[in-house]
Amino acid sequence: MPRRLPRLDIHFAAQVTSAQSLVGRLETAMVQPQDGTSQRLRVGDIELAYELAFLRVFMAWEVLLEGAFLRFMCGFMHSNGQEPLAAGKAYQPTISDAETYLLNGRQYLLWHNPTHVINRAGGFFSNSRFELILASAQHRVEHFATVRHRIAHSQKDAAAKFDTVSMLLAGKRYMGSRPGRFLRDWQVGINPPQRWFASICLELESLSHQICA
């Protein structure tokens with residue numbers, strides 16, 4: 001009998017909670033300093049913490065996508081059964097075999113770009129739920145990946161693309177094209193108030209639950 005996909009989303013949620021706890025503690029230290037903490041913490045420090053926390057969350061998101069994908073290649077089941085195979089494909093006997101098949105001689109594959117992941121799924125599965133879930137949020141995840149890319153890279157292209165995304169999401173650009181300023185900023189029209197970092201985490205968590213349910 002095919003094995004059930006493990007709850008990778010629960011592990012992902014734990015990574016999100018850890019990252020949110022980090023920035024939450026720092027925010028508290030800014031407002032309620034103890035033992036001279038206020039003299040050491042600056043707004044720039046908090047913004048950097050948001051960037052690092054977001055990078056940690058997005059890395060965990062990529063790990064979840066890869067882990068689920070490889071297991072679906074092995075015939076692991078979700079609540080609707082196994083992912084249907086594309087013509088000429090066969091379920092792989094082990095996760096290691098699935099990884100070798102997918103790499104096809106390459107050292108690694110990237111998982112941050114949802115378009116690439118969707119195309120990857122389309123090459124092995126036929127109208128899979130995994131593919132459909134990602135496709136339903138493709139543009140949103142692409143925006144989040146652009147934020148991740150800006151944190152990891154300092155090129156002008158990364159900054160320009162981040163500025164475009166911040167305009168699409170928040171309706172404004174941020175000084176220095178700093179992702180931390182965007183992630184710490186409050187969303188407009190959200191009640192109760194919610195920062196962009198928390199909002200993005202919630203969206204990724206929701207997608208992870210859909211994938212692994």
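Right above here is the structure, for reference.
Now for a look at the structure at hand.

What counts and how
- Residues numbered from 1 in each chain as written.
- Predicted model: local features only at pLDDT ≥ 70, side-chain atom pairs only at ≥ 80, totals over all residues.
- Heavy atoms only, no water.
- Salt bridge = Lys/Arg side-chain N within 4 Å of Asp/Glu carboxyl O.
- Helix = DSSP H or I, 4+ residues; strand = E, 2+ residues; numbered from the N terminus.
- Buried < 20%, exposed > 50% of the residue type's maximum accessible area, 1.4 Å probe, protein only.
- Arc of directions from axis to C-beta.
- Contact = heavy atoms within 4.5 Å.
- Polar contact = N/O pair within 3.5 Å; in protein donor to acceptor, adjacent residues only side chain to side chain.
- Phe/Tyr/Trp six-rings, centres within 6.5 Å; stacked < 30°, edge-to-face > 60°.
- Lys NZ or Arg CZ within 6 Å of the ring centre and 35° of its normal.
- Core = buried A, V, L, I, M, F, W, Y, C linked by side-chain atoms within 4.5 Å.

What about the pattern of salt bridges?
So, step 1. One pass over the full model with this rule turns up 10 salt bridges.
So, step 2. Between E62 and R148 there is a salt bridge, with the nearest N and O atoms lying 3.4 Å from each other. Here the residue E62 occupies a position in helix α2 (residues 43-73), and R148 occupies one in helix α6 (residues 138-152), the gap between them amounting to 86 residues. The burial state of E62 is the same as that of R148; both residues are buried.
So, step 3. A salt bridge links E203 to R140, with the nearest nitrogen and oxygen atoms 2.4 Å apart. Of the two residues, E203 is situated in helix α9 (residues 196-212) and R140 in helix α6; the sequence distance between them amounts to 63 residues.
So, step 4. Residue classification places E203 among the partly exposed residues on the basis of a relative accessible area of 24%.
So, step 5. Look at the salt bridges and you will find they share partners, linking E27, R184 and R195 into a network.

Focus: helix α4 (residues 114-124)
So, step 1. Residues P114, V117, I118, R120, A121 and F124 constitute the buried set of α4. The buried residues of α4 occupy an angular sector of 160° when projected down its axis, which confines them to one face.
So, step 2. Turning to α4, the residues buried within the fold contact α2, α3 (95-103), α5 (129-136) and α6.
So, step 3. A distance of 2.9 Å separates the backbone nitrogen of T115 from a side-chain oxygen at the start of α4, and that oxygen is part of N113.

Things to note about the packing of aromatic side chains
So, step 1. One pass over the structure, following the stated rule, counts 12 aromatic pairs.
So, step 2. Ring geometry for Y101 and F124: centres 5.6 Å apart, planes at 75°, overall edge-to-face. Here F124 lies in helix α4 and Y101 lies in helix α3, a separation of 23 residues in the sequence.
So, step 3. What links up through ring pairs into an aromatic cluster is the set F69, F72, Y101, W111, F124, F125 and F130.
So, step 4. Looking at R120, its charged tip hangs above the ring of W111, at a distance of 4.5 Å from the centre.

Let's talk about the nonpolar core
So, step 1. Of all hydrophobic cores here, the largest spans 59 residues; its most connected members are W61, F130, F197 and I211.
So, step 2. In terms of residue count, the dominant contributor to this core is α2 (16 residues).
So, step 3. Each residue touching F197, except ones within four places of it in the same chain, is listed here: A19, Q20, V23, Y50, A53, F54, V57 and L183.

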